[in-house]
Amino acid sequence: MLVVVLATTVLAIGVLIAKVIMFSWTRRVLLADMAHGTLAEAAVLLASVAWLINVYGVASVFGDRGRAVSFLPARQVRHTDHGVIDLVPAWIAPTVVALFAAAALCLLLAAGLAVRSGKIP
């Protein structure tokens, strides 16, 4: 599991670094010429940012003792005498879910546009 997390984190960082390099060369945020390519590229960027935010949430509670409730979106809780404390910052889960939902929507729209334009039979 740790190898998969590290590999996808390195991949997400690589995608964002490549995007910064390409932007500095071309001055274009998205490189694809066709609408479906642009949406697919946006989906990859959104998913990369969502993944890195989620990994940040996991890393932010690395030293705390708590019970991991979920990994995606990151959630770790600690049971105390006064109730349950969520150790991951509150903005992580809604941001990750919203970004992954936007990425999925972009992929669906890209597939629809590709089929409509005849790129995919």
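Use the structure listed above.
**Student:** Looking at this structure, I do not really get the overall build of the chain. What am I missing?
**Tutor:** For the chain, the helix and strand inventory stands at three helices and three strands. Reading the chain from its N end, one meets helices and strands in the order α-α-β-β-β-α. Here the chain has a C-alpha radius of gyration of 18 Å; the compact-globule value for 121 residues is 14 Å, and the former is much larger. Taken along the three principal axes of its C-alpha coordinates, the chain extends 60 × 30 × 25 Å. Within the span of the chain, comprising 121 residues, buried residues form 25% of the whole. Restricting the contact set of the chain to residue pairs at least 6 apart, pairs at least 24 apart contribute 51%.

**Student:** Sorry if this is basic, but what is going on with the nonpolar core here?
**Tutor:** In globular proteins that are soluble, nonpolar side chains generally tend to be buried together. In this structure, Ala-50, Ile-53, Val-61, Ala-74, Leu-87, Val-88, Ile-92, Val-96 and Leu-99 together form the largest nonpolar core, which totals nine residues. Only helix H2 (35–60) and helix H3 (92–117) provide two or more residues apiece to this core. If you look at the next biggest cluster of nonpolar residues, it comprises six residues, including Leu-39, Ala-42, Cys-106 and Ala-110.

**Student:** What is the right way to look at the environment of Leu-39 in this model?
**Tutor:** With respect to the helices, strands and loops of the structure, Leu-39 is situated in helix H2. Along the backbone, Leu-39 and Val-96 are 57 residues apart, and their C-alpha atoms lie at a distance of 19 Å. If we ignore the near neighbours within four places in the chain, the residues touching Leu-39 are Cys-106, Leu-109, Ala-110 and Leu-113.

**Student:** Where do I start with a nonpolar patch on the surface in this structure?
**Tutor:** Taken together, Ile-13, Ile-17, Ile-21 and Trp-25 make up a surface patch of nonpolar side chains, about 430 Å² in accessible area. Mapping Ile-17 onto the fold places it in helix H1 (residues 2–26). Ile-17 sits in the partly exposed class, given a relative accessible area of 47%.

**Student:** Would you explain the pairing of strand E2 (residues 75–80) in this entry?
**Tutor:** Sheet analysis places strand E1 (residues 67–70) next to E2, joined by three bridges and oriented antiparallel. Across the sheet, residue Ala-68 finds its bridge partner in E2, namely Gln-76. Where E1 folds back on E2, the antiparallel hairpin that results is connected by four residues. Relative to strand E3 (residues 83–86), E2 is paired through four bridges, and the arrangement is antiparallel. Its bridge partner lying in E3, Val-77 is registered against Asp-86.

Conventions adopted
Residues numbered from 1 in each chain as written. Predicted model: local features only at pLDDT ≥ 70, side-chain atom pairs only at ≥ 80, totals over all residues. Heavy atoms only, no water. Helix = DSSP H or I, 4+ residues; strand = E, 2+ residues; numbered from the N terminus. Rg over C-alpha atoms; globule rule 2.2 N^0.38 Å. Buried < 20%, exposed > 50% of the residue type's maximum accessible area, 1.4 Å probe, protein only. Contact = heavy atoms within 4.5 Å. Core = buried A, V, L, I, M, F, W, Y, C linked by side-chain atoms within 4.5 Å. Patch = residues over 30% accessible without salt bridge, like charges linked within 9 Å, V, L, I, M, F, W, Y side chains within 5 Å. Areas by Shrake-Rupley, 256 points an atom, 1.4 Å probe, with all protein chains shown as cover. Salt bridge = Lys/Arg side-chain N within 4 Å of Asp/Glu carboxyl O. Pairing = 2+ DSSP bridges.

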